[in-house]
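The lines below spell out each chain.
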Amino acid sequence: MSAPAPSPVMRLVVFFYLMGTIGFFAGTLTLLGPVRWATSALRARGAGQGVEDLVVRGMILLLVAGAAFVAWKLTGRFMAIAGRGRWATPAVTTALACGALLMWMNPRLVNRGEQMTDSGERFVFGPYPDRAALARLKRQGFTGVITLLHPAVAPFEPRLLAQEREAAREVGIELIHTPMLPWISENEESVERIRTLARSGQGRYYVHCYLGRDRVNVVRRLLMDGDASVAEAEKESGARRLGDMPAFERGGIYHFPDGVHVAPFPTDEEWLGYVLSGSVKQVLSLLDTANAEDATWVAKERGLGRQYRMPVEFATIRSFPYDPQQALAAARRAKALPRPLMVHGFRTVSPAVEAFVQAYRTGLPPLPPSLFAEPMEGGPVRVLAPNVAVGPRPTGREFGAYLQQRGVRGIVHAGTADAASRADRAIAESIGLTWKAGGATAAEVRAATAQGGPWYVYGPGLGAIQAELDRQMDPGVP
């Protein structure tokens, strides 16, 4: 008697079950092997978070595709076999998935190579400790263990926390549970309890999360104010450093040699790994505190600053109407703040960030190139130097509605004065713009625009010197 025809529903159920179990097993091996090796190599070479995410996502896509392919082949084999023998395939994949789950439940296997970091007499940081490690800490005279495991990281951390409580009770060492995941909650109670222990000046504690990396580095920085030995040991903590990153997810990072790092608004993981973990002493935000669109990000940043004792200041640079004096004020403030300093807008490619970089590099009132992406009626406008833009003759309305709104404070007319230029001058001066006759040579235009402004250069003499100005002038944006 032949086997009944396979049901399409049964085929789908078997396929997704096999794909899930195969994917979980293969995913565990991938995370503990290729992903860990690749991310370590990328960080060592200073690759950006975006590059790291792209590589990891590529590995995940390959993993999913491979698991689906294998599951599809095994599903066909399952459906072709009659009787109990067909169940051998899902039994094997289930056993592999259970083995992977047991591995995650045994941090000793996952955390191979992770070491405790001694940060002076009072605090030691590292990965999850098993019973033997807890007994060793007890013998070494530790007062207690501070665990940062969070119940939201299911199913692993709740189970591991229960095991740790039992082991601590058997060993006779105090276990202090201060759950922490900065991107899930504000952790106010946990942070305050850790600070209270630091202020007490008594006891010696082992602080850990699962892997002993990002979360413990956040706590390490929190304790810096309360324990000088922690502050000194932070230099050797192995924390990821902002200065090593060429980019975040929302854009590139520009590193000034004096310890100022201009970045986009960090993602939750980037806040945790590169800002709150100790590689930054101060944050200067360029977000607009009066803009409703920035309100959520401003509130979040202020909350993080209060919660994790990260000094945050705001030096707003509005994009429209744009005021170059705000950029100069932000640059002057940045020069006075502690290093390492992270300065950020929301994205790196933005008028606020471009203006800050220009002002910080040159000390001139800047014109952000991205503000001039939209052309005037007579043609495109280009930024040739931090404080100089060139383009066609403006219409009467464009002197104010276009140029002044984008930060231009003075007009330089290149060429011989005529009736049209005299009419333009009257319009410009009526709305408060400075007027200069720039002459007909590149040297004369450069001299007229060397300081002050920002300047807009146009006129009949511009065409003849345009190429020379292009060679000699640099917009100042990396």
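Look a little higher up for the structure.
Please read all numbers here as calculations on a predicted model, not as lab measurements. Residue positions within a chain follow its written sequence, with the count starting from 1. Local features in this predicted model are restricted to residues whose pLDDT is 70 or higher, and side-chain atom pairs enter the listing and the counts only when it is 80 or higher, whereas totals over whole chains, interfaces and linings include all residues. Only hydrogens and water are set aside when side-chain values are computed; all heavy atoms of the structure are taken into account.

## Some words on the sheet that holds strand β13 (residues 382-385)
Part 1 of the argument: If you trace the five strands from one edge of the open sheet to the other, you get β13-β14-β17-β15-β16, paired in mixed fashion. Lying at the two open borders of the sheet, with one neighbouring strand each, are β13 and β16 (434-439). Across the sheet, the mean angle from the axis of one strand to that of its neighbour is 30 degrees, orientation sign disregarded.
Part 2 of the argument: DSSP bridges decide pairing: two strands pair if at least two such bridges lie between them. For the purposes of this entry, the term helix denotes a DSSP run of H or I that reaches at least four residues, the term strand denotes a run of E that reaches at least two, and both are numbered from the N terminus. As defined by bridge partners, strand β15 (residues 410-414) adjoins β16 across five bridges and the pair is classed as parallel. Paired with His413 across the strands is Ala437, a residue of β16.
Part 3 of the argument: Note on contacts: a residue pair qualifies if any of its non-hydrogen atoms lie within 4.5 Å across the two residues. Each axis is a line fitted through C-alpha atoms, and for a helix only the stretch in contact is used; angles between axes span 0 to 180 degrees, taken between their N-to-C directions. Most of the contacts of helix α15 (residues 419-430) go to β16, to which it runs at about 150 degrees, and overall it touches β15, β16 and β17 (455-458).
Part 4 of the argument: Strand contacts of helix α16 (residues 442-449): β14 (388-390), β15, β16 and β17, with the helix running at about 155 degrees to β16, the strand carrying the most contacts.

## With respect to the nonpolar core
Part 1 of the argument: Residue types Ala, Val, Leu, Ile, Met, Phe, Trp, Tyr and Cys, when buried and joined through side-chain atoms within 4.5 Å, form a set referred to as a nonpolar core. The buried label applies to any residue whose accessible area, calculated with a 1.4 Å probe on protein chains only, is under 20% of its type's maximum; exposed applies above 50%, and partly exposed to all values in between. Membership of the largest hydrophobic core comes to 40 residues, with the highest contact counts inside it found for Ile317, Phe356, Ile411 and Tyr456.
Part 2 of the argument: Contributions of two or more residues to this core are made by β9 (260-263), α12 (324-336), β12 (341-344), α13 (351-362), α14 (398-403) and β17.
Part 3 of the argument: If you tally residues by element for this core, the top one is α13, at seven residues.
Part 4 of the argument: Formed by 37 residues, the second largest nonpolar core is a distinct cluster that contains Val191, Ile194, Tyr205 and Phe265.

## Describing unusual backbone geometry
Negative phi is the rule for most residues except glycine; trans is the rule for most peptide bonds.
Part 1 of the argument: In the segment running from Phe320 into Pro321, the intervening peptide bond is cis, with an omega of -5 degrees.
Part 2 of the argument: Here Pro321 is to be found in the loop between β11 (312-314) and α12.
Part 3 of the argument: In this model, Gly453 is joined to Pro454 through a cis peptide bond whose omega is 0 degrees.
Part 4 of the argument: Here Pro454 shows up in the loop between α16 and β17.

## Thoughts on the sheet that holds β9
Part 1 of the argument: Taken together, the five strands give an open sheet; going across it, the order is β8-β9-β12-β10-β11, and neighbouring strands pair in mixed fashion. The outermost strands of the open sheet, each flanked by one partner alone, are β8 (254-255) and β11.
Part 2 of the argument: As paired elements, β8 and β9 share two bridges and run antiparallel to each other. Following the sheet pairing, His255 is matched in β9 by His261.
Part 3 of the argument: Running at roughly 155 degrees to β9, α13 makes contact with β8, β9 and β12 of the sheet.

## Concerning the pattern of salt bridges
Part 1 of the argument: A pair is scored as a salt bridge if a Lys or Arg side-chain nitrogen falls within 4 Å of a carboxyl oxygen belonging to Asp or Glu. Tallied over the full model, the rule gives 10 salt bridges.
Part 2 of the argument: A salt bridge links Lys300 to Asp268; the nearest nitrogen and oxygen atoms lie 2.3 Å apart. Of this pair, Lys300 sits in helix α11 (residues 295-307) while Asp268 sits in helix α10 (residues 268-275), and the two are 32 residues apart along the sequence.
Part 3 of the argument: Notably, a salt bridge pairs Arg425 with Glu429, separated by 3.0 Å at the nearest N-O pair. Taken together, the positions of Arg425 and Glu429, both in helix α15 and four residues apart, correspond to about one turn of that helix.
Part 4 of the argument: For Glu429, a relative accessible area of 40% gives the class partly exposed.

## Concerning the packing of aromatic side chains
Part 1 of the argument: Ring geometry is summarised as follows: Phe, Tyr and Trp rings, the Trp one being its six-membered ring, pair when their centres sit within 6.5 Å, and such pairs are stacked at plane angles under 30 degrees, edge-to-face over 60 and tilted between the two. Taken as a whole and assessed by the stated rule, the structure comprises 15 aromatic pairs.
Part 2 of the argument: Seen in terms of ring centroids, Phe372 and Tyr402 are 6.2 Å apart; in terms of plane orientation they differ by 55 degrees. Their pairing is tilted. Here Phe372 is found in the loop between α13 and β13, whereas its partner Tyr402 is found in helix α14, with 30 residues between them in sequence. Each member of the pair Phe372 and Tyr402 is classed as buried.
Part 3 of the argument: Ring centres 6.4 Å apart and planes at 80 degrees place the aromatic pair Trp435 and Tyr458 in the edge-to-face group.

## Brief notes about the packing of helix α5 (residues 131-139) against helix α6 (residues 156-171)
Part 1 of the argument: Across the interface, α5 lies against α6 with an axial gap of 9 Å and an inter-helix angle of 40 degrees. Here α5 lies oblique to α6, going by the angle between them. You can see that α5 and α6 cross each other, and the crossing is right-handed. Counted together, Arg131, Leu134, Ala135 and Lys138 of α5 and Glu164, Ala167, Ala168, Glu170 and Val171 of α6 form the full contact between these two elements. Put simply, angles under 35 degrees are roughly parallel, angles over 145 are roughly antiparallel, angles from 65 to 115 are roughly perpendicular, and the rest are oblique. Take the far helix as your reference; a near helix turned counterclockwise from it by less than a right angle gives a left-handed crossing, and one turned clockwise gives a right-handed crossing.

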